[in-house]
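Listed here are the chains, written in short residue letters.
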Amino acid sequence: MIDYAKRHAVEARAGISQHQREQSARWRDEGFLRGLADTVACIDGTIGFPRPEDESWFQSQGWRPGTHVEAWRLEALQHIHQGLFMAKRPYAEPTTGSAYADWFETFVDLDAVSAKRAEFGELLLYEMAASAIPRAWMRWALGLVQHAVKKSSGNAVDAQLSTYLYDADLFFTSDKIFQKLLESIYPKSPIPFAVPAYLNPAGNLCSDIEELMEDAVR
């Protein structure tokens with residue numbers, strides 16, 4: 001089980017990195033991405049609509065034909081649909097289970113939600129405020145700005161880690177690029193998240209953390 005999880009994590013990170021490289025190249029060719037500042041500027045105005053070959057599926061999930069929605073909502077709908085409705089439950093086998101669905105079922109009747117997927121999709125695409133599901137926004141926003149910098153196998157881990165920042169006040173990292181990306185999207189977030197602070201790993205970490213915390217409460 002542990003060996004499978006490790007191997008799966010490595011393969012997933014590699015796949016995401018390759019996808020980001022290909023997507024970045026395509027977006028640059030199309031003139032959509034030109035640098036970090038331009039990418040951040042796109043966050044507020046980025047709207048999306050399904051590709052023609054995907055329209056039928058999105059329509060079955062609540063998308064209203066001909067409408068544009070915030071791009072992060074389309075991505076959230078796809079991820080949530082996969083985690084809740086496509087994976088088998090309970091989380092017994094690593095190749096088929098979904099801890100996401102297991103957790104969700106403790107709060108809602110997942111079968112009832114599944115029976116009304118179009119209504120559930122409309123809630124995500126058109127009705128729910130971004131401030132109510134900021135982690136879905138964060139995963140998309142960080143993934144978007146990651147395209148503007150050097151790609152690495154750690155991008156997927158950073159995107160996952162970033163969703164926890166809404167539960168903290170300060171976030172310390174020795175990854176300059178990660179800190180820079182978080183800082184760039186901070187003003188765009190639907191609600192505040194932990195202020196990202198860079199720590200020099202060659203410095204005195206304890207005193208540096210203490211100083212940053214003191215500055216934060218002043």
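Structural notes, computed from the coordinates. (Residues numbered from 1 in each chain as written. Predicted model: local features only at pLDDT ≥ 70, side-chain atom pairs only at ≥ 80, totals over all residues. Heavy atoms only, no water.)

Attention now goes to helix α4 (residues 71-86). Between its first and last C-alpha, α4 extends 22 Å over 16 residues, near the 22 Å set by a 1.5 Å rise per residue. Buried residues of α4: Ala71, Trp72, Arg73, Leu74, Ala76, Leu77, Ile80, His81, Gly83, Leu84 and Phe85, and no others. (Helix = DSSP H or I, 4+ residues; strand = E, 2+ residues; numbered from the N terminus. Expected span 1.5 Å × (residues − 1). Buried < 20%, exposed > 50% of the residue type's maximum accessible area, 1.4 Å probe, protein only.)

Take the pattern of salt bridges next. Two side chains bearing opposite charge may form a pair once their charged atoms approach each other closely. Applying the stated criterion to the full structure yields four salt bridges. The partner of aspartate 167 in a salt bridge is arginine 135, with the nearest N and O atoms 2.8 Å apart. Here aspartate 167, found in the loop between α9 (155-162) and β3 (170-173), pairs with arginine 135, found in helix α8 (residues 134-146); they are 32 residues apart in sequence, far enough to count as distant. Of the residues examined, aspartate 167 reaches a relative accessible area of 58% and is grouped as exposed. (Salt bridge = Lys/Arg side-chain N within 4 Å of Asp/Glu carboxyl O.)

This brings us to the pairing of strand β4 (residues 195-198). Bridge count between β3 and β4: four bridges; the pairing is parallel. If you follow leucine 170 over to β4, its bridge partner there is valine 195. Viewed along the sheet, the connection from β3 through helix α10 (residues 176-185) into β4 turns out right-handed. (Pairing = 2+ DSSP bridges. Right-handed = clockwise from strand over helix to strand, strands pointing away.)

Before going further, it helps to examine the packing of aromatic side chains. Under the criterion given, the structure shown has six aromatic pairs. Consider the rings of tryptophan 103 and phenylalanine 107, whose centres lie 4.9 Å apart with planes at 55°: the pair is tilted. Judged by relative accessible area, phenylalanine 107 falls into the exposed class, the value being 59%. On the numbers, 5.8 Å between centres and 80° between planes, the contact of tyrosine 166 with phenylalanine 193 is edge-to-face. Placement of the pair is tyrosine 166 in the loop between α9 and β3 and phenylalanine 193 in the loop between α10 and β4, with a sequence separation of 27 residues. When its relative accessible area of 12% is taken as the criterion, tyrosine 166 is described as buried. Taking the relative accessible area as the measure of exposure, phenylalanine 193 reaches 3% and is therefore buried. Linked through ring pairs, Trp103, Phe104 and Phe107 together constitute an aromatic cluster. A cation over an aromatic ring shows up here: arginine 64 above the ring of tyrosine 126, its NZ or CZ 4.0 Å from the ring centre. (Phe/Tyr/Trp six-rings, centres within 6.5 Å; stacked < 30°, edge-to-face > 60°. Lys NZ or Arg CZ within 6 Å of the ring centre and 35° of its normal.)

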